[in-house]
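Results of the structural survey
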Amino acid sequence: MNPSKPQFSADTSSIINTVSGLHSYFRDVLSYYQVIQGKLISDLEATDDEAQIQALKPKLQEVNEKINYFHVLNNSISSVDVVMHTEAMIKEFGNSESS
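Residues numbered from 1 in each chain as written. Predicted model: local features only at pLDDT ≥ 70, side-chain atom pairs only at ≥ 80, totals over all residues. Heavy atoms only, no water.

Some words on the overall build of the protein chain
Helix and strand content of the protein chain: 3 helices and 0 strands. Written out in order from the N terminus, the α and β elements of the protein chain read α-α-α. Looking at the protein chain as a whole, 27% of its 99 residues qualify as buried. Across the protein chain, contacts joining residues at least 24 apart in sequence account for 66% of those joining residues at least 6 apart. When the accessible surface of the protein chain is totalled, it reaches about 6700 Å², and 53% of it is carbon and sulfur. (Helix = DSSP H or I, 4+ residues; strand = E, 2+ residues; numbered from the N terminus. Buried < 20%, exposed > 50% of the residue type's maximum accessible area, 1.4 Å probe, protein only. Contact = heavy atoms within 4.5 Å. Areas by Shrake-Rupley, 256 points an atom, 1.4 Å probe, with all protein chains shown as cover.)

Observations concerning the pattern of salt bridges
Between side chains of opposite charge, a pair can form when the charged atoms approach closely. Taken as a whole, this structure holds 3 salt bridges when the rule is applied. Residues Glu87 and Lys91 are paired through a salt bridge, measuring 3.1 Å at the closest nitrogen-oxygen approach. In this pair, Glu87 and Lys91 are both assigned in helix H3 (residues 87-92), 4 residues apart and thus about one turn of the helix distant. Residue Lys91 is classed as exposed on the basis of its relative accessible area, which comes to 63%. (Salt bridge = Lys/Arg side-chain N within 4 Å of Asp/Glu carboxyl O.)

Overview of the packing of aromatic side chains
Scanning the model with the defined rule gives 4 aromatic pairs in all. Aromatic side chains Tyr32 and Tyr33 sit 4.9 Å apart centroid to centroid with 70° between the ring planes, which places their arrangement in the edge-to-face category. Residue Tyr33 is classed as buried on the basis of its relative accessible area, which comes to 7%. Aromatic ring contacts, followed pair by pair, group Tyr25, Phe26, Tyr32, Tyr33 and Phe70 into a single cluster. (Phe/Tyr/Trp six-rings, centres within 6.5 Å; stacked < 30°, edge-to-face > 60°.)

Comments concerning helix H2 (residues 50-84)
One turn of the α-helix equals 3.6 residues, which is why residues spaced by three or four share an orientation. Counted at 1.5 Å a residue, the expected span for H2 with its 35 residues is 51 Å, and the 50 Å between its end C-alpha atoms agrees. Of all the residues in H2, the buried ones are Ile53, Leu56, Leu60, Val63, Ile67, Phe70, Asn74, Ile77, Asp81 and Met84. In this fold, the buried residues of H2 make contact with helix H1 (15-45) and H3. (Expected span 1.5 Å × (residues − 1).)

A closer look at the environment of Asp81
By secondary structure assignment, the location of Asp81 is in helix H2. Under the relative-accessibility criterion, Asp81 is labelled buried at 13%. Between the alpha carbons of Asp81 and Val19 there is a distance of 5.9 Å; along the sequence they are 62 residues apart. Those residues in contact with Asp81 that sit more than four places away from it in its chain are Val19, Ser20 and His23.

That is the geometry; function is a separate question.
Laid out in structure tokens, this is it:
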């Protein structure tokens with residue numbers, strides 16, 4: 001299985017929709033890297049070839065770092081997304097933003 005990396009498209013001018021889109025995007029990218037991490041761990045566990053192990057370890061380290069970053073981004077935008085959907089923020093950005 002070779003998952004494709006999610007892409008973000010800001011196809012709307014609504015700040016609320018953009019925040020919700022970013023939340024979905026960060027969550028999807030986090031999941032993508034978790035799948036890659038699982039594959040790398042499986043590959044490491046399945047081999048005794050030292051050269052392959054040494055090639056996989058830096059890839060796993062890089063993926064782990066990206067997981068950490070996207071975890072923070074996802075948690076942060078999740079909070080923003082909750083606040084943006086409050087009545088006060090919907091009123092702040094006008095009726096056109098409430099979609």
